[in-house]
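Coordinate inspection notes
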Amino acid sequence: MSGAPTLALANVSKSFGAVRALRDVSLELFAGEAHALAGENGAGKSTLVKTLAGVHRPDTGQVLLNGEPVVFTGPADAQQAGVAVIYQEPTLFPDLSVAENIFMGRQPRRTLGRIDRKEMHGQARRLFERLGVALDPEQPSRGLSIADQQLVEIAKALSREARVLVMDEPTAALSGNEVARLFSVVEALREHGCAILFISHRLDEIFSLCQRVTTLRDGAWIASEPVAGLTHDDLVRRMVGRELGTLYPKEAAELGEVALQVDRLTREGVFTDVSFQVRRGEIVALAGLVGAGRSEVARAVFGVDRWDAGSVSVAGRPLPAGSPTAAMGAGLALVPEDRRQQGLVMELSIERNIGLTGLGSLRRGVTISRTAERDRAKDWAVRLQLKFARLSDGVGVLSGGNQQKVVLAKWLATKPSVLIVDEPTRGIDVGTKAEVHRLLSELAGQGIAVLMISSDLPEVLGMADRVLVMHEGRLTAELSRADATEESVMNAATGRAA
Amino acid sequence: MAKVLRWDVLVGALLIAVFAAGSLTSPGFATVDNLSFALGDLGEIALIALAMTMLVVAAEVDLSVASVLGLSSALVGSLWDGGMAIEAIIPIAVLTGAVCGLVNGLLVTRLGLPSLAVTIGTLALYRGLAYVVLGDRAVAQFPPDYTALAVNDVPGTPIPYPIAVFVLLAAAVGVVLHATGFGRALYAIGAQEQAAFFAGIRVKRIKLLLFVISGTVAAFAGVVFTLRYGSARADNGVGIELAVIAAVLLGGVDFDGGKGTLGGVIAGVLLIGLLRNLLMLGDVSTEIQSIVTGLLLIVSVLTPRLVSLVRPALKGSP
């Protein structure tokens, strides 16, 4: 690590109105290093990324490229300077081929301006070889997994001779194998002399991938240090600024009668013969790889999707297929995987979102009682320690963790007897994550049956009384808390005999 | 931050400005008689705009309303010509409108077709049916008691009866939209249909109901139109769906759904009405009037977009 850093921020501050998003933050990215950016939601990570990407200009402080001060007047400027940002969910043109996406606007030409497809495909192939991945440049982008889409974005960055790659939570939506593949790509990029800024809420990934880590808290720089020698707890302490209790505090609760019973549930081509039950006071985890059909089972149970065969009953009473309204009436609640599309109406306020599941119970005569609506929201906002300015603010202004709390509030307000949570802590910070875990444990303690879908193995092992594992649309294992280990779950999830 | 410059307030201000400009430039404009006439002339558009507002808030649209109006008018004419009592004809015509709306709604909710496409189809279909029912004929000579109801003012006021009906309905729709669970559901559906569905809201049932309401109101407007002009024709009300949609969008309802207030729509309706009246007083040809409606439609869609483009650039966004 000699010479000037490829890209650096020096004492950068940035405010939006009264909010000071970054305060005197410095960061140095050297060629050949993978540098982690850690911090809770709202710590200023996105603002920092956008500053590097030329979206924001610092109020004070400087951006330095190879030691020289530069001013990015826009994203195009930053791109020109060799800074590329890979987002969590890339946006490719779905109807164009992989190669066309990579070379969009810069296609190799033949005479008369015709696109030289052969050359374009050849170049794309060489890029993928350099990254060590097998992707067909000629296939259309539609239908590519998120992991593959990210690789296309990385190849695009590489083709532009990017020197700095900023990866904003690239692993949030990836399965285990895909993460491993992404990591080997990052290694290849490092050897190639790229500087990488890696953002992830999964601390394990930071430890296994990165050489150095910079931590932000409430917009302020806390530390930049080598990863070697740091412990998990050290890093969490820097992010949160306080000691955290154990992350997974599921306490033993007395198990009551069966609350949710699923029998041989089948949706053709999606999942087959899925049977299980969840008792009151129990947390059952549904583990498996992305695409194993876990969310689909949850959606069918809740009535968002139809099922073709089998049955679902709540407290002994069968549920009609395909009706979320009936499922709600029976005491079911689903905190869905996709907060922005399914969990919340982003345009509406916090109170309207929380009220949405109680339009019937908030009625006084013909009209909705504004007071009841506000009380319901206030009550749950306080209970879940929601950080907000006004309940009439749009949920869009909240951080990811707080948005998730609104989704939880909206469902807990229905007083469910069965709570299904799909990836309840994806993309939220460590502090909020611990709160969510404590909450789930508390709910179970109050006699609610919890079915938790999660791709986060430590979370599954820490929280669940029982672990169900799915592989390619079938249940492949049911493990007690004692039998569930990282190995036994992964074996079942990948279809190897348990 | 949007509080400072609310679109419906802006349209209200524009309304006052047009009114002032009209009073200054056109001597016959600011008279009770003329304004009362202008209101009456607006009746059908105003009525249909109420139903359209609910649809557009839920991110759907019904372009077939003018054709349902025409079909209703043709039915009234044909049945009256056949000797049926007007008291029986009116419910039949209104019910037919409900069926037209039901067909639109079923096509949209059961088959999952976009309402824009479905109702362009039924726009042609229902107008065609109107011609099948009545042909090129015009039927007149309706009972004077009824035509008087469509034209006269509520005694002691300058308010024509159809507008009185509109005021009552508008009050009802205002309550529904802004104070009931049904209204909350409409905004949620329009803004993020999936999330509304996940929250247990019966999205399809609600949409179906909206289309039925829209058809019913349009057919009722067809009865009003027929009696007001004292003439039933298959081509009655051609093109007024554009004036309705222009009024709704001008009132600040987002064509993508989830946004808008009834107050804004009422201001939008009145604005359209005043402009049409002014153009008429100025002897401007119907072609020009149609151009103005078209321009208003585009402006009302374009302006909020421009504002939302310009605003972050001025303020900076987090």
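Residues numbered from 1 in each chain as written. Chains lettered and ligands numbered in written order. Predicted model: local features only at pLDDT ≥ 70, side-chain atom pairs only at ≥ 80, totals over all residues. Heavy atoms only, no water.

**A word on the overall build of chain A**
Put simply, the rule reads: Counting from the N terminus, the helices are DSSP H or I runs at least four residues long and the strands are E runs at least two residues long. As defined in this context, the radius of gyration uses C-alpha atoms, and a globule is described by 2.2 Å times the residue total to the power 0.38. Burial here depends on accessible area, computed with a 1.4 Å probe over protein chains only, as a share of the maximum for the residue type. Under 20% is buried, over 50% is exposed, and the range in between is partly exposed. Residues count as neighbours in contact if any of their non-hydrogen atoms are within 4.5 Å of one another.
Along the backbone of chain A there are 17 helices and 22 strands. Against the compact-globule benchmark of 23 Å for 498 residues, chain A has a radius of gyration of 24 Å, which places it among compact chains. For chain A, the spread of C-alpha atoms along the principal axes amounts to about 70 × 50 × 50 Å. Out of the 498 residues in chain A, the part that is buried amounts to 56%. Within chain A, counting contacts between residues at least 6 apart in sequence, those at least 24 apart form 66% of the total.

**Quick word on the packing of aromatic side chains**
All names here are of chain A. Where we set the bar: For this analysis, a ring pair means two rings from Phe, Tyr or Trp (six-membered ring only for Trp) whose centres lie within 6.5 Å, classed as stacked if their planes differ by under 30 degrees, edge-to-face if by over 60, and tilted for the remaining angles.
Under the counting rule described, the total for this entry stands at five aromatic pairs over all chains. Between F183 and F198, the ring centres sit 6.1 Å apart and the planes meet at 80°, which makes this aromatic pair edge-to-face. Residue F183 is found in helix α6 (residues 176–191), and its partner F198 is found in strand β8 (residues 195–199); the two are separated by 15 residues along the sequence. Assigned by exposure class, F183 and F198 land together as buried.

**Details of empty space enclosed by the protein**
Residue and element names in this part refer to chain B. Applied cut-off: Only protein atoms enter the calculation, which uses a 1 Å grid: trapped sets of points that fit a 1.4 Å probe without letting it out are cavities, open sets showing protein on both sides within 12 Å along at least five of seven lines are pockets, and any residue with an atom within 4 Å of a point is a lining residue. Grid points are joined across faces, edges and corners, and a volume is the space filled by probe spheres set on the points. Classification used: nonpolar for Ala, Val, Leu, Ile, Met, Phe, Trp, Tyr, Cys and Pro, charged for Asp, Glu, Lys and Arg, polar for all others including Gly.
Inspection of the entire model under this criterion finds three cavities of 30 Å³ or more. Counted as a void, the largest cavity has a volume near 40 Å³. For the largest cavity, the full set of lining residues is I272, L275, R276, L279, Q289, V292, T293 and L296. Of all elements in the fold, only α12 (262–281) and α13 (286–315) reach the threshold of two or more residues within the lining of the largest cavity. Looking at the lining of the largest cavity residue by residue, the class counts come to five nonpolar, two polar and one charged.

**So, the layout of surface pockets**
All names here are of chain A. Rules: Start and end points for every domain follow an automatic or database-based domain assignment.
Size it by volume and the second largest pocket reaches roughly 870 Å³. Surrounding the second largest pocket, 39 residues form its lining, R202, S455, D456, L457 and P458 being those nearest its centre. Taken together, the elements giving at least two residues each to the lining of the second largest pocket come down to α6, α7 (203–209), β13 (283–288), α15 (430–445), α16 (457–463) and α17 (486–493). Considering every element that reaches the lining of the second largest pocket, the biggest residue donor is α17, with four residues. Residue composition of the lining of the second largest pocket, by class: 18 nonpolar, 11 polar and 10 charged. Inspection of the lining of the second largest pocket shows a minimum of three residues originating in each of domain 1 (7–92 + 144–240) and domain 2 (258–493).

**Focus on the pattern of salt bridges**
Selection rule: A side-chain nitrogen of Lys or Arg and a carboxyl oxygen of Asp or Glu constitute a salt bridge if their distance falls within 4 Å.
Scanning the model with the defined rule gives 35 salt bridges over all chains in all. The shortest N-O distance in the salt bridge between A:D234 and A:R237 comes to 3.5 Å. With A:D234 and A:R237 both in helix α8 (residues 232–240) and three residues apart, the pair spans about one turn of that helix. Overall, A:R237 belongs to the partly exposed group, its relative accessible area being 31%. One salt bridge connects A:E435 with A:K405, and the closest N-O pair in it is separated by 2.7 Å. Here the residue A:E435 occupies a position in helix α15, and A:K405 occupies one in helix α14 (residues 400–412), the gap between them amounting to 30 residues. Ionic contacts of the salt-bridge type, sharing partners, join the residues A:E351, A:R352, A:R370, A:E373, A:R374 and B:R184 into one network.

**Thoughts on the sheet that holds strand β20 (residues 449–453) of chain A**
Residue and element names in this part refer to chain A. Rules: Strand pairing is assigned whenever DSSP identifies at least 2 bridges connecting the two strands. Simply put, an axis is a line fit to the C-alpha atoms, just over the touching stretch for a helix, and the angle between two N-to-C directions goes from 0 to 180 degrees.
Ordered in space as β16-β19-β20-β13-β21-β22, the six strands form an open sheet in which the pairing is mixed. Since the sheet does not close on itself, it has two edges, and those belong to β16 (332–335) and β22 (474–480), each with one partner. Averaged over all adjacent pairs, the angle separating strand axes in this sheet is 20°, with direction ignored. Note that strand β21 (residues 466–471) and β22 share six bridges and pair antiparallel. The residue bridging M470 from the neighbouring strand is L475, located in β22. Here α17 sits on the sheet and contacts β13, β21 and β22; the angle it forms with β21, its principal contact strand, is near 30°.

**Some words on the domain arrangement of chain A**
All names here are of chain A. Spelled out, the test is: What gets called buried area is simply the loss in accessible area from a 1.4 Å probe that two parts show on being joined, summed for both.
What the domain assignment reports for chain A is domain 1 (7–92 + 144–240) and domain 2 (258–493). Placing the centre of domain 1 and that of domain 2 at their C-alpha centroids yields a distance of 31 Å. Counting from both sides, the interface comprises 11 residues of domain 1 and, opposite them, 12 residues of domain 2. For the pair domain 1 and domain 2, the two sides together bury roughly 960 Å², of which 60% comes from carbon and sulfur.

**Considerations on helix α3 (residues 65–81) of chain B**
In an α-helix, one turn spans 3.6 residues, which is why side chains three or four residues apart end up on the same side. All names here are of chain B. Definition in use: A helix is expected to span 1.5 Å multiplied by its residue count minus one.
Helix length check: α3 (17 residues) gives 24 Å between terminal C-alpha atoms against 24 Å at 1.5 Å per residue, within 8%. In terms of burial, α3 is a largely internal element, 14 of the 17 residues being buried. Following α3 by one or two positions, G83 adopts a phi angle in the positive range, close to 95°.

**A word on the interface of chain A and chain B**
Counted only if it meets this: Identification of polar contacts relies on pairs of N or O atoms within 3.5 Å, with a donor-acceptor requirement for protein atoms, meaning one able to donate a hydrogen and the other able to accept it, and with residues adjacent in sequence counted only if both atoms are side-chain atoms.
The interface is formed by 31 residues belonging to chain A together with 20 residues belonging to chain B. Note on chain A versus chain B: buried area summed over both sides is about 2,100 Å², and carbon and sulfur give 64% of it. Inspection of the region where chain A meets chain B yields one salt bridge. In this structure, B:R184 engages A:E373 in a salt bridge whose closest nitrogen and oxygen atoms are separated by 2.8 Å. Linking chain A to chain B there are five residue pairs in polar contact (both at pLDDT 80 or more). Going through the elements one at a time, α9 (294–302), α10 (324–329), α11 (339–343), β18 (367–368), α13 (370–383) and α14 of chain A are the ones with two or more residues in the side of chain A that touches chain B. The element contributing the most residues to the side of chain A that touches chain B is α11(A), with four residues.

**Focus: the sheet that holds strand β15 (residues 317–318) of chain A**
Residue and element names in this part refer to chain A. What the four strands build is an open sheet, ordered β12-β11-β14-β15; its pairing is antiparallel. Looking at strand neighbours, the two that pair on one side only are β12 (271–279) and β15, the edges of this open sheet. Pairing geometry for strand β11 (residues 258–267) and β12, over six bridges, is antiparallel. Considered in β12, the bridge of L260 is made with V278.

**Side note on the nonpolar core**
This is how the line gets drawn: Residue types Ala, Val, Leu, Ile, Met, Phe, Trp, Tyr and Cys, when buried and joined through side-chain atoms within 4.5 Å, form a set referred to as a nonpolar core.
Among the nonpolar cores identified, the biggest contains 96 residues, and B:I48, B:M52, B:L186, B:I201 and B:V248 are the most heavily contacted of them. It is helix α2 (residues 32–57) of chain B that contributes the most residues to this core, 13 residues altogether. Apart from residues no more than four positions distant in its own chain, B:I201 is found in contact with A:L356, A:L359, B:A185, B:A188, B:I189, B:A196 and B:I206.

**Re the state of the cysteines**
Should the sulfur atoms of two cysteines be covalently bonded, the bond is a disulfide. Residues and elements named next belong to chain A. Just so we agree on the cut-off: Pairs of cysteine sulfur atoms within 2.5 Å are what we label disulfides.
Considering all chains together, one arrives at zero disulfides over all chains under this definition. Here C194 is not cross-linked by a disulfide; its sulfur's nearest cysteine counterpart is in C210, at 14 Å. Given a relative accessible area of 0%, C194 falls into the buried group.

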